[in-house]
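One-letter residues, chain by chain:
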Amino acid sequence: MIKEEQTLNVSMFINLALAIIKIVCGIFFNSYILMMLGYYTLCNYINEAIAYIGSVVRMRKANMRHPFGFGKQESILHIFVGIILIITSIYLFEQTFYLKFTYASGNIIFIMITIILMHFLNSNYTFNISKNIFSQSLYITSKNSYYDALLNILMFILIMLSIKIPLINLYGCLFVSVLIFIKGYKIITSNIILVHSSNDTSKRINDKVKQIINKYNNVYFNSINLNNINKHYTATIEISIDDDLSLPELINIEREIKYNIYRAKLKIKHIDFEIVKD
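Residues numbered from 1 in each chain as written. Predicted model: local features only at pLDDT ≥ 70, side-chain atom pairs only at ≥ 80, totals over all residues. Heavy atoms only, no water.

Novice: Sorry if this is basic, but what is going on with a nonpolar patch on the surface here?
Specialist: There is a patch of nonpolar side chains on the surface, built from I90, F93, F97, Y98, V178, F181, I182 and Y185 and spanning about 790 Å² of accessible area. Contributions of two or more residues to the nonpolar patch are made by α3 (71–96) and α6 (168–196). Examining the composition of the nonpolar patch, we find that 4 residues originate from one element, α6, more than from any other. Structurally, Y185 is set in helix α6. (Patch = residues over 30% accessible without salt bridge, like charges linked within 9 Å, V, L, I, M, F, W, Y side chains within 5 Å. Areas by Shrake-Rupley, 256 points an atom, 1.4 Å probe, with all protein chains shown as cover. Salt bridge = Lys/Arg side-chain N within 4 Å of Asp/Glu carboxyl O. Helix = DSSP H or I, 4+ residues; strand = E, 2+ residues; numbered from the N terminus.)

In structure tokens, the structure reads:
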């Protein structure tokens, strides 16, 4: 638990630092796309902070007012964050049309390369530790950092174009604001489901999911936790993985597993993965 907290604190500090760097450099080098990427990274930081607070709340013992513990308190916090992200994204989307775009400075190239490398290093760092201590919070954090790095690579192309064509900033800013909206929406819907769903079991689903996962040599099925809501399921699949499996490889395998599960028509609408000890 101490190692998890220390690593999460380091990752949160890196994300906050990168968010500030993006916003400041975006202003200094005339790149609204980089500023918007800073807001996106700041959203990841806020989400990590809530996850950290939630993990602390979740560890509190049940009492007379909360006889079943504080598990749902974390979901309520995440719903609140999701609402803030949606409001923020709508505001940023609207304000984008009032910006006056100018030529971005060519010096921004070095800044972007440094930022992308930092995101990849952070994702690799948190992922390796999450494998060692089997931390779901760190695993989610590592994926967020990895996706943030990929987004920055995509936006790097637009930033390069904006050095010659300032209007490119408009499309980049609109795209990132939509991504923030989607992130907020997903946070809200997934946590509403957690609050209102009930635990369930199904041997048929368990056996089918196990069969799908067992086709892979470096990922191993452990168990599946089902939540029933309106005759459909959300699933948390516990898996163990080989030590030499990288984060990009695991993300691709998870994507294939999800696709095959959805194709099997098991009435599962949402899937999360959790790395556990073999």
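On we go.
Novice: Even after reading the chapter, I still don't get the sheet that holds strand β1 (residues 198–200), so can you show me in this structure?
Specialist: Strand pairing in a sheet relies on backbone hydrogen bonds. The paired strands run either parallel or antiparallel. The strand order β1-β2-β3-β4 describes an open sheet built from 4 strands, whose pairing is mixed. Two strands lie at the open edges of the sheet, namely β1 and β4 (268–275), each paired on one side alone. Taking the axes of each pair of neighbouring strands and ignoring which way they run, one obtains an average angle of 30° across the sheet. Where β1 lies against strand β2 (residues 219–229), 3 bridges are found, and the strand directions are antiparallel. In the sheet register, D200 faces β2, and the bridge partner there is L226. Seen against the sheet, helix α7 (residues 203–213) touches β2, β3 (232–241) and β4 and runs at an angle of roughly 145° to β2. (Pairing = 2+ DSSP bridges. Axes fitted to C-alpha atoms, helices over the stretch in contact; angles between N-to-C directions. Contact = heavy atoms within 4.5 Å.)

Novice: Explanation requested: the nonpolar core in the structure shown.
Specialist: Nonpolar side chains tend toward joint burial in soluble globular proteins. In this structure, V209, V219, I237, L250, I261 and I268 are the most contacted members of the largest nonpolar core, which totals 29 residues. Broken down by secondary-structure element, the contributors of at least two residues to this core are α5 (136–162), α7, β2, β3, α8 (247–263) and β4. Ignoring sequence-local partners within four residues, the contact set of I237 consists of V209, I213, F221, S223, I224, I261, I271, D272, F273 and E274. Counting 28 residues, the second-largest nonpolar core is a separate cluster that includes I33, L37, V176 and I180. (Core = buried A, V, L, I, M, F, W, Y, C linked by side-chain atoms within 4.5 Å. Buried < 20%, exposed > 50% of the residue type's maximum accessible area, 1.4 Å probe, protein only.)

Novice: Can you help me understand unusual backbone geometry in this one?
Specialist: The general pattern is negative phi for most residues beyond glycine and trans for most peptide bonds. The residue N30 is not glycine, and still its phi comes out positive at about 60°. Structurally, the position occupied by N30 is in the loop between α1 (2–28) and α2 (32–58). Taking the relative accessible area as the measure of exposure, N30 reaches 36% and is therefore partly exposed. In this model, K265 sits at a positive phi of 55°, which is unusual for a non-glycine residue. Within the element layout of this structure, K265 appears in the loop between α8 and β4. Judged by relative accessible area, K265 falls into the exposed class, the value being 71%.

Novice: Looking at this model, I keep getting lost on the pattern of salt bridges. Mind explaining?
Specialist: Any two side chains of opposite charge can pair, on the condition that their charged atoms come close. For the structure on display, the rule yields 3 salt bridges. Between D148 and K22 there is a salt bridge, with its nearest N and O atoms 3.6 Å apart. Taken as a pair, D148 in helix α5 and K22 in helix α1 lie far apart in primary sequence, 126 residues in all. Of the two residues examined, D148 and K22, each falls in the buried class. D207 is paired through a salt bridge with K203; the nearest N and O atoms lie 2.7 Å apart. Here D207 and its partner K203 are both found in helix α7, 4 residues apart, which amounts to about one turn of the helix.

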